[in-house]
Amino acid sequence: MAQPIAIAIHGGAGNIRPENLPPEKAQKVEAYLRSVVEEAYTLLQQGRMALEVVEIAVRRLEDAGFFNAGAGAVPNARGEVELDAAIMDGHNRRAGAVAAVKKVRNPITLARLVMERTPHVLIVGQGADSLAQAWELPLRNEAAPLPEVPWSYGTVGAVALDKYGNLAAATSTGGITGKMAGRVGDSPLIGAGTYAENGLIALSATGQGEYFIRSVLAYDIAARLRYQGSSPSQAIQEAFRDRLEPLGGQGGIIAVTPTGEVLFHFNTPGMYRASKDARGQLTVGIFR
Ligand code: ASP
């Protein structure tokens, strides 16, 4: 039998309801999510590694301009954009992340290069932006008008399983609208909003980051699988119910398992999402 492959992506969770999302916008986002998933799946079929594929998928979502990441990121309380991103390779648990960067166009690519070219995991602010310049990465168009918060959340993420059994996860965000300058969310924190480990699971979260940090949510899910032998869906549901929700946390998560099963879970009215699993089944959704 062919080795399983799978990809799942999200474009954020939040108060997304049919009454506040006009059908033409919903269709536009769904079509975009579908195209990203189809492209990613084709790359996995061609034998590309999960790590590369999650980076490519997240880069496409950052470039879309209508998610709260990359080109579409919302401003903080000072009217400036500060971006966070992380990527993790489940094969060796190497990880790279950046936080509060202002200049780079694709924070996810900078996060991957932090992993590959430095001895560090997380580099923030000016230090990270100067690496982007030193490595000649494309920079953001800082003169472009900032979005006026068109979608309630809109962080982006991707998780994948490649032919070789490798899992990878990537998450990128502009953070919470109106956040304080310098605030960092869960997305770039390994184990909070992003985590991948071969043989266990790959996860990317979205929602109110402070609660995901305090719950160490992604790693809590992985730990349930490792130490408790829970099934992936049980681990996710229990982590939400027992860790995130008692604090009042809201949001969602996407996961891919070592067998190529895709899982989505959210306690908000909606989550932009799409996937193609090991059976080749395509899913695209926004609302419950
Ligand atoms: N989790 C992100 C953050 O707190 C925001 C989001 O997912 O909407 O930065």
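Residues numbered from 1 in each chain as written. Predicted model: local features only at pLDDT ≥ 70, side-chain atom pairs only at ≥ 80, totals over all residues. Heavy atoms only, no water.

**A closer look at the pattern of salt bridges**
As enumerated under the stated definition, the model contains 16 salt bridges in all. Lys276 serves as the salt-bridge partner of Glu38, at 2.9 Å between the closest nitrogen and oxygen. Separated by 238 residues along the polypeptide, Glu38 in helix 1 (residues 23–45) and Lys276 in strand 11 (residues 270–276) bring together distant segments of the chain. Among the salt bridges present, the one from Glu55 reaches Arg59, with a minimum N-O distance of 2.8 Å. On the criterion of helical spacing, the pair formed by Glu55 and Arg59 is a turn pair, its members being four residues apart in helix 2 (residues 50–64). When salt bridges that share partners are traced, they join Glu55, Arg59, Arg112 and Glu116 into one network. (Salt bridge = Lys/Arg side-chain N within 4 Å of Asp/Glu carboxyl O. Helix = DSSP H or I, 4+ residues; strand = E, 2+ residues; numbered from the N terminus.)

**Some details on helix 1**
Taking 1.5 Å as the rise per residue, helix 1 with 23 residues should run 33 Å; its terminal C-alpha atoms sit 32 Å apart, in good agreement. All buried positions along helix 1 are accounted for by Ala26, Val29, Tyr32, Leu33, Val36, Val37, Ala40, Tyr41, Leu43 and Leu44. Where helix 1 is buried, its residues contact strand 1 (6–14), helix 2, strand 5 (156–161), strand 11 and strand 12 (282–287). Remark: Gly47 follows helix 1 within two positions and exhibits a positive phi of approximately 100°. (Expected span 1.5 Å × (residues − 1). Buried < 20%, exposed > 50% of the residue type's maximum accessible area, 1.4 Å probe, protein only. Contact = heavy atoms within 4.5 Å.)

**Details of the side chain of Glu62**
Counting through the fold element by element, Glu62 comes out in helix 2. Within the buried core, Glu62 has no salt-bridge partner, and the shortest N-O distance to an opposite charge, that of Arg59, equals 6.4 Å. In this structure the side chain of Glu62 is engaged in a polar contact, spanning 3.1 Å, whose partner is the backbone nitrogen of Ile108. Dropping the residues within four chain positions of it, Glu62 is found in contact with Ala69, Gly70, Ala71, Gly72, Arg105, Asn106, Pro107, Ile108 and Ser172. (Lys, Arg positive; Asp, Glu negative; His and termini not counted. Polar contact = N/O pair within 3.5 Å; in protein donor to acceptor, adjacent residues only side chain to side chain.)

**Some remarks on the side chain of Ser204**
When you line up the elements, Ser204 lands in strand 8 (residues 201–207). Since its relative accessible area comes to 0%, Ser204 is described here as buried. Here His10 takes part through its side chain, which lies 2.9 Å from a polar atom of the side chain of Ser204. A distance of 2.8 Å separates the side chain of Ser204 from the side chain of Thr171, its partner in a polar contact. Aside from chain neighbours lying at most four places away, what touches Ser204 is His10, Gly157, Ala158, Val159, Ala170, Thr171, Gly193, Gly252, Ile253 and Ile254.

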